[in-house]
Amino acid sequence: MKNEQNFLYSKDAKTLQVPYAEYTELMKKSEEAQHLLKVKGTVLADLQQFIGGAPAAALPKANPAPKSKPAPKAKPVPKTPPPPAAETAPAEESKSEKVSIEFSTDTPETPAPSRGEISDIPPIKKDIIGHFNKLDKSGRLLNIFKQYYTCLNEACGGTVRVTMKDGFCSLWNYDEWEEFAFMDIFENLLRITIDPRYTDALKTLSLCEVPRLISSRRNVVSVQVDNLNNVVLDVLAKAFAEVGLQVK
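Because the structure is predicted, anything quoted here is derived from the model rather than measured. (Residues numbered from 1 in each chain as written. Predicted model: local features only at pLDDT ≥ 70, side-chain atom pairs only at ≥ 80, totals over all residues. Heavy atoms only, no water.)

Draft legend 1. Layout of the overall build of the protein. Within the protein, the regular secondary structure consists of six helices and eight strands. The N-to-C order of helical and strand elements in the protein reads β-β-α-α-α-α-β-β-β-β-β-α-β-α. Counting across all 248 residues of the protein, residues that qualify as buried make up 27%. Pairs at least 24 residues apart make up 53% of the contacts formed inside the protein by residues separated by at least 6 positions. Accessible surface for the protein amounts to roughly 18,500 Å². Of this, 56% is attributable to carbon and sulfur atoms. (Helix = DSSP H or I, 4+ residues; strand = E, 2+ residues; numbered from the N terminus. Buried < 20%, exposed > 50% of the residue type's maximum accessible area, 1.4 Å probe, protein only. Contact = heavy atoms within 4.5 Å. Areas by Shrake-Rupley, 256 points an atom, 1.4 Å probe, with all protein chains shown as cover.)

Below you can see the structure in the form of structure tokens.
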């Protein structure tokens, strides 16, 4: 066999350059490199066209690879059916019951809410609201009356109730069911009538004429207010606590 079949010679230099097998391998890689360069150029052109809004060009087709035989299909594995729901439900219920029992012993006791947090203040009756609105259409005096009523229920440590008769609102110690003060409108102001034993505590305020219907059966004094007065509020709270000690 001739040497040309195994080696590549240079006719000019008449010297051995490279083995023939390596030369053919290099040529294959050169062809692959040229194909990759074409693909690269096509991708760059497609990218530029895509940015410019033109349709993409088709990529050059590579030499098709030999088809391999499809792998044999695996036999289906029978699935294990899940356990019925009736079997899992009791376990979940018992687990939740166990957790609730364990944590209930460690839960701290919730402190009892203060009186101001409980919405148990008895509502003012509609006839009382209507009476105030009839005498003072602005609603200003009714609002002041509501403020006294609400603050007393929050400060007295008991329940204050209000009733109305002959145009006068009676404030009651609900637990003892006894009146401790009266309220009405007099000369466009809110008039508060109370036992005279609190006269010294009210000396900074202006005393006014007492209602005749009330003074005819009880010894009382009256003051007029135009807002929620802390002095009056303290006196009313004290009168609530001292029900039974008033002068008849």
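Draft legend 2. Here's a closer look at the side chain of Asn-229. Here Asn-229 is to be found in the loop between strand E8 (221-225) and helix H6 (230-241). Taking relative accessible area as the criterion, Asn-229 reaches 18% and is therefore assigned buried. Polar contacts involving the side chain of Asn-229 include one to the main-chain amide nitrogen of Val-232, which spans 3.1 Å. Residue contacts for Asn-229: discarding those within four places in its chain leaves Tyr-148 and Leu-205. (Polar contact = N/O pair within 3.5 Å; in protein donor to acceptor, adjacent residues only side chain to side chain.)

Draft legend 3. How the structure looks around the nonpolar core. With 36 residues, the main nonpolar core has Phe-145, Tyr-148, Met-183, Ile-194 and Leu-236 as its most contacted residues. Only helix H3 (126-135), helix H4 (140-155), strand E3 (160-165), strand E4 (168-173), strand E5 (178-186), strand E6 (189-194), E8 and H6 provide two or more residues apiece to this core. Discounting residues that sit within four places of it in the chain, Leu-236 has contacts with Tyr-148, Leu-152, Phe-180, Ala-181, Met-183, Ile-192 and Ile-194. (Core = buried A, V, L, I, M, F, W, Y, C linked by side-chain atoms within 4.5 Å.)

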